[in-house]
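The residues making up each chain are set out below.
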Amino acid sequence: MTEDPSELTREELQALRRLNRAVDDVLEESLKARESLEQTFRRLFPRLLELTGAVGVAITTLDEELTRQTWHLGDFGGIFPGTVLDENHWGARRFGPGTLVTQELDVVGLKVGAIGLLYEGDQTAPETAGRLARAIDTIAEELDTVLASVQTASEKHQLLVTINQFLSNRVFEAGMDQAVRALSDRVKIPGFMLLYRDAVESGAMHYRIYNHGQLEHASNGTRHGPLDHAIRSHGPKLISSTDGTLRTVLGSARAVEAVLISGVGDNNSTLGKIMVWSSGDGFSAFTMDLLRLLAATLSQRLIDYNRERIHLSQFFSASVMDDLLRDPDYERRYLQPRAEEVGILFADINGFTRICEQVLERPERIGKFVDDWSDEAVRILHRYGGVFDKMVGDCVIGLFGPPFFRSSRAQRAADAVRAAIEIQTFTREKMSAHPEVSRLSEILKLPGLGVAIGVNLASTFCGLFGPNRQYTGFSTGMNQTARLQSLGSFRETLVMDTVKDALEGFETPDLKGLKYGPLTETPVKNVEKPLRHFKVL
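Reading the values: rules and limits
- The residue numbering used here restarts from 1 in each chain and proceeds along that chain's sequence as written.
- For this predicted model, a pLDDT threshold of at least 70 governs which residues receive local features, and a threshold of 80 or more governs which side-chain atom pairs are given and counted, while totals over whole chains, interfaces and linings are taken from all residues.
- Side-chain descriptors were evaluated using all non-hydrogen atoms of the structure, hydrogens and water having been removed beforehand.
- Lines fitted to C-alpha atoms define the axes here, with helix axes fitted over just the stretch in contact, and angles between the N-to-C directions of these axes take values from 0 to 180 degrees.
- Each helix is a run of H or I in the DSSP string that is no shorter than four residues. Each strand is a run of E no shorter than two, and both are numbered from the N terminus.
- Should an angle fall under 35 degrees it is taken as roughly parallel, and over 145 as roughly antiparallel, whereas 65 to 115 is taken as roughly perpendicular and any remaining angle as oblique.
- A clockwise turn of the near helix away from the far one marks a right-handed crossing, whereas an anticlockwise turn of less than a right angle marks a left-handed crossing.
- Note on contacts: a residue pair is in contact if any heavy atoms of the two residues lie within 4.5 Å.
- Each residue receives one of three labels: charged for Asp, Glu, Lys and Arg, nonpolar for Ala, Val, Leu, Ile, Met, Phe, Trp, Tyr, Cys and Pro, and polar for the others, Gly being one of them.
- At least two DSSP bridges between two strands are required for those strands to pair.

S.K.: Would you explain the packing of helix H1 (residues 10-32) against helix H4 (residues 126-167) in this entry?
M.R.: When two helices pack together, their arrangement is captured by the angle between the axes and the distance separating the axes. Packing of H1 against H4 brings their axes to within 10 Å, and their N-to-C directions diverge by 25°. Relative to H4, the element H1 lies roughly parallel. Where H1 crosses over H4, the handedness of that crossing is right-handed. Judged by residue contacts, Glu 12, Leu 16, Leu 19, Asn 20, Val 23, Asp 24 and Leu 27 of H1 engage Arg 131, Arg 134, Ala 135, Thr 138, Ile 139, Glu 142, Leu 143 and Val 146 from H4. The residue makeup of the contact of H1 with H4, split by class, is eight nonpolar, two polar and five charged.

Next comes the structure, spelled out in structure tokens:
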């Protein structure tokens, strides 16, 4: 209103106050009843016609789904009221035999809709039109804030739905990039960083840094030197630290940090941290609320992502996991059971039962000893592209070829043999220096620790099986390899004839220079044909 209230009559001022209180009361009742806009206007419109003497009322605004709608009561001469309000001629004007008074609804410049009141007869005389304009302005002042809050809440909800949809992407990093882009498009965030723990490798950290919604740096892409240095210096402490280290590293004094937690409540429940920085003007309450909700959603997504990585880490190396998780359909494409020719390795500690009985004795010492040996044996499998199938007692089983089956049969045989040679070397040279092994050597009169290894190349049905979705293989070749390994003596590696044949064409010095003992045929129980194998010398 531009008029000075002192120029209004006492009667009009009282009428405007009654109108203001009445509209406020109706809106408050609707708010308490948690009514929709449809219900609110159904409650409000009859009261407006009663208080203003109008014969029709219409409001155009966005509904809770952010869809433009027009609500109305009364006859507008057969014309849809939304079309009438779209003309945007604010003020009083003739409309058929009556007078239409219209006004824009807005809050601090943000247009949230329009309102119109229809009166009988000609009400366009300046004094009358002014009175009607002041009445509709009074109504609009009450409606503006309510409609703006509905639209703000709806926009926030829609944005969070969009962000949640993006974060549900099976490819975590792709979904994260889309979510940050959507957030930045709406609230214009200059900088955004996600820093999070590796669920599998203790102490390892990953990060993604965005500039106006676009990925700029990543731990698996274009790296950020100062942040890499801070991670090496501080490790996981960066996540929970409140000393401003990250702000210094990223060059932002005006930033907001939010720690992502799992909700478990223990000391290891911290998952990561997001940091958002502005251009210097700070953040609105709307933006801060969005960031809090995003942090909660992202925490749950990280929990799910970590759970997925932990499951896959039981079988695959970190690089294989990364490749799998870049494909949203990886389970069907790569982990669904299929028959392929694979390299098979069984490695078992020589005389383990005797070692347990005469040297290790206590269960905790046995467990520690097996862990020390098997951890490195599995790392060797992974280093040569192998999949860790399982442990049976102290026997490590590996498969070569899964899950992508991109290598040739000869390469699978070569990888299995190379892994076998390195496991033998590690066991002989490193594990023989183990404190328990020194005592073992004295008692059992052995030159150190040894393993017996069997290597095969055979068609195997590989994939995820069972209620725990374990990656494993089934075939007669697996049984043959188990029997072959059991034939091995102290520090012996035995390979099936299929493996030796597959390696014939290899020209690399390590494999070309391998020497074998004579072909041996060994009948074994419950196997129809004798095992045809060679000893690697």
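So much for the structure itself; the text now carries on.
S.K.: Could you clarify how one ought to interpret the sheet that holds strand E8 (residues 214-218) in this entry?
M.R.: In sheet architecture, strand pairing relies on hydrogen bonds along the backbone and comes in two forms, parallel and antiparallel. Taken together, the five strands give an open sheet; going across it, the order is E8-E7-E6-E10-E9, and neighbouring strands pair in antiparallel fashion. Each edge of the open sheet is held by one strand with a lone partner, namely E8 and strand E9 (255-261). If you compare each strand with its neighbour and ignore which way they point, the axes differ by 20° on average. Across six bridges, the pairing between strand E6 (residues 191-197) and strand E10 (residues 270-277) is antiparallel. Among the inter-strand pairings, Leu 195 is bridged to a residue of E10, identified as Lys 273. Helix-sheet contacts for helix H6 (residues 225-234) involve E6 and strand E7 (205-211), and the interaxial angle to E7 is about 155°. Sheet strands touched by helix H9 (residues 285-313): E6, E9 and E10. Its angle to E10, the strand with the most contacts, is close to 145°.

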